[in-house]
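Understanding the architecture of this molecule
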Amino acid sequence: LIFGVFMAYVVYKNMSQIASSEEALYKLAYNDSLTGLPNRRAFDDCITDLVNSPRTKKFALAVIDLDNFKGINDSIGHECGDGVLCEVAKRWKGILKEDEFIARQGGDEFIIILVNCDDEEYIKNRMAEFLDVLSTEMVIMNNCFFASASFGIACYPFHASDTENLFRYADM
């Protein structure tokens with residue numbers, strides 16, 4: 001009986017470690033290691049699911065670039081630039097609504113998806129909210145920054161009905 005209990009414990013412990021390892025691998029594969037946001041792979045899965053879902057009738061895709069970000073890396077250093085990226089991600093995660101998705105593409109490029117939305121006025125107002133949270137000063141490594149961003153927007157299926165062209169339209 002004691003041996004059986006011991007074996008059950010060993011099996012349970014190994015199963016827990018396997019589950020923990022799988023979770024860690026998933027996080028590495030689908031999350032940006034710097035900001036903790038979903039990454040390009042997670043975005044690709046999300047947008048493919050949206051386009052292929054019979055429940056999804058419309059959504060807006062915003063491709064966002066931080067303005068003059070290269071200057072931060074070039075003049076103050078990549079460590080400080082990384083801090084700015086993390087702060088931007090934190091601020092945007094803080095205002096993200098339940099039916100929205102945000103990912104970091106890489107570098108200073110982010111993507112936001114507004115699900116079940118194609119209303120131009122709402123999209124414009126929502127993007128203004130994302131810009132607005134950047135207007136407050138950021139202090140990173142004793143340096144003060146004010147960030148701004150440029151947005152490209154495409155609406156599914158109005159601008160394109162496939163992911164490649166939708167992204168291309170928004171990224172113009």
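Scroll up a little and you will see the structure.
One structure accompanies this document, and this report is about it. (Residues numbered from 1 in each chain as written. Predicted model: local features only at pLDDT ≥ 70, side-chain atom pairs only at ≥ 80, totals over all residues. Heavy atoms only, no water.)

1. Observations concerning the overall build of the protein chain
The helix and strand inventory of the protein chain stands at six helices and six strands. Its helices and strands taken in sequence order, the protein chain reads α-α-β-α-α-β-β-α-β-β-β-α from the N to the C terminus. When each of the 172 residues of the protein chain is scored for burial, the buried share is 38%. Sequence-distant contacts, at least 24 apart, represent 66% of the contacts inside the protein chain between residues at least 6 apart. Surface accessibility of the protein chain: about 10400 Å² in total, with carbon and sulfur atoms responsible for 55%. (Helix = DSSP H or I, 4+ residues; strand = E, 2+ residues; numbered from the N terminus. Buried < 20%, exposed > 50% of the residue type's maximum accessible area, 1.4 Å probe, protein only. Contact = heavy atoms within 4.5 Å. Areas by Shrake-Rupley, 256 points an atom, 1.4 Å probe, with all protein chains shown as cover.)

2. Structural notes on the layout of surface pockets
Take a probe with the size of a water molecule and roll it over the atoms, and the empty space left behind shows itself. Within this model, the largest pocket holds a volume of roughly 200 Å³. Lining the largest pocket are Asp118, Glu120, Ile123, Lys124, Met127, Ile153, Cys155, Phe158 and His159. Contributions of two or more residues to the lining of the largest pocket are made by α5 (120–132) and β6 (149–156). The biggest single contributor to the lining of the largest pocket is α5, with four residues. Of the residues in the lining of the largest pocket, the class split is five nonpolar, one polar and three charged. (1 Å grid on protein atoms, 1.4 Å probe; cavity = no way out; pocket = protein on both sides within 12 Å on 5 of 7 lines; lining within 4 Å. Points joined across faces, edges and corners; volume = space filled by probe spheres on them. Nonpolar A, V, L, I, M, F, W, Y, C, P; charged D, E, K, R; others polar.)

No statement about biological role is implied by the geometric values presented.
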